[in-house]
Amino acid sequence: ELKVEQNPLFLSMQEGKNYTIYCNYSTTSDRLYWYRQDPGKSLESLFVLLSNGAVKQEGRLMASLDTKARLSTLHITAAVHDLSATYFCAVDRYSGGGADGLTFGKGTHLIIQP
Amino acid sequence: KAGVTQTPRYLIKTRGQQVTLSCSPISGHRSVSWYQQTPGQGLQFLFEYFSETQRNKGNFPGRFSGRQFSNSRSEMNVSTLELGDSALYLCASSLGGLLLSGANVLTFGAGSRLTVL
């Protein structure tokens, strides 16, 4: 059974600081996704990581993937209040019948304070 | 272009009733997936449809069912509602197809929030 663990689950940080969210998964996966969810809203796709060593960056967010360690990180640089949200990592596996459903982590609830 | 549309956005039902939720995917997307989101269990995969066929199913009881129409629109049904079925039900669409490589990025709808009393 594929399991995805995120840590921390809650994170309160100050603007301007850097921090990293970790995502571990239990078995071989084909793809690693990061999503953002604002309160009362749906999920927004942030990054897709497809291969070992993949790194994607968008603004103050950078995601990386180490398939050997089964670990992905989401790094926040010089945080700003607008980045306050819940961040989910998710993995899926490809099977002969098409992509299996995503298995999500519990999410990291991030609060960035002025 | 229009995103994923889910209806209704909010609904309240009582135990024992049934409910049908609707999802219209992004134009051109042939795969529709459904997820349940609760504070306790988080996001859990319900099922995925592609070209009117259920390809994958999560670990949910048979009370949860779905279907997809020829225009890719999808519905999910929950029968004999229980209190624990209260949740946000999210629909997501993607291009689908047999992906040997590349991403299968899901675009999520705003969700249908179901409250069971």
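Scroll up for the structure.
Only a predicted model underlies this, so the values are computations on that prediction, with no experimental measurement involved.

Asker: Please explain the sheet that holds strand S7 (residues 61-66) of chain A as it appears in this structure.
Answerer: In any sheet, the strands associate via hydrogen bonds between backbone groups, in a parallel or an antiparallel arrangement. Residues and elements named next belong to chain A. What the 5 strands build is an open sheet, ordered S1-S3-S8-S7-S6; its pairing is antiparallel. Strand pairing shows two members of the sheet lacking a second neighbour, strand S1 (4-7) and strand S6 (55-58), which therefore form its edges. Between one strand and the next, the sheet's axes are offset by a mean angle of 15 degrees, whatever the strand orientation. With 4 bridges joining them, S6 and S7 adopt antiparallel strand pairing. Looking across to S7, one finds that Glu58 is bridged to Leu61.

Asker: Even after reading the chapter, I still don't get the environment of Ala54 of chain A, so can you show me in this structure?
Answerer: Residue and element names in this part refer to chain A. Tracing the sequence through the fold places Ala54 in the loop between strand S5 (43-49) and S6. Taking the C-alpha atoms as reference, Ala54 lies 22 Å from Ala78; in sequence the two are 24 residues apart. In this view, Ala54 contacts Leu49, Ala63, Ser64 and Leu65; residues no more than four positions away in its chain are not counted.

Asker: Please explain the sheet that holds strand S1 (residues 5-7) of chain B as it appears in this structure.
Answerer: Residue and element names in this part refer to chain B. The 4 strands are arranged S1-S3-S8-S7 in an open sheet whose pairing can be described as antiparallel. Of all strands in the sheet, those with a lone pairing partner are S1 and strand S7 (64-68), marking the two edges. If you compare each strand with its neighbour and ignore which way they point, the axes differ by 15 degrees on average.

Asker: In this structure, what is going on with the packing of aromatic side chains? I would like to understand it.
Answerer: Ring pairs (aromatic) are described by centroid distance and by the angle formed between their planes. Counted according to the given criterion, the structure contains 10 aromatic pairs over all chains. Between Tyr35 of chain B and Phe108 of chain B, the ring centres sit 5.7 Å apart and the planes meet at 55 degrees, which makes this aromatic pair tilted. Here Tyr35 of chain B is found in strand S4 (residues 31-38), whereas its partner Phe108 of chain B is found in strand S10 (residues 107-108), with 73 residues between them in sequence. Ring pairing ties together the aromatic residues Tyr33, Tyr35, Phe88 and Phe104 of chain A together with Tyr35, Phe45 and Phe108 of chain B, which thus form one cluster.

Conventions we followed
- Residues numbered from 1 in each chain as written.
- Chains lettered and ligands numbered in written order.
- Predicted model: local features only at pLDDT ≥ 70, side-chain atom pairs only at ≥ 80, totals over all residues.
- Heavy atoms only, no water.
- Pairing = 2+ DSSP bridges.
- Helix = DSSP H or I, 4+ residues; strand = E, 2+ residues; numbered from the N terminus.
- Axes fitted to C-alpha atoms, helices over the stretch in contact; angles between N-to-C directions.
- Contact = heavy atoms within 4.5 Å.
- Phe/Tyr/Trp six-rings, centres within 6.5 Å; stacked < 30°, edge-to-face > 60°.

Note that every value here comes from positions in space, so none of it alone points to a role or purpose.
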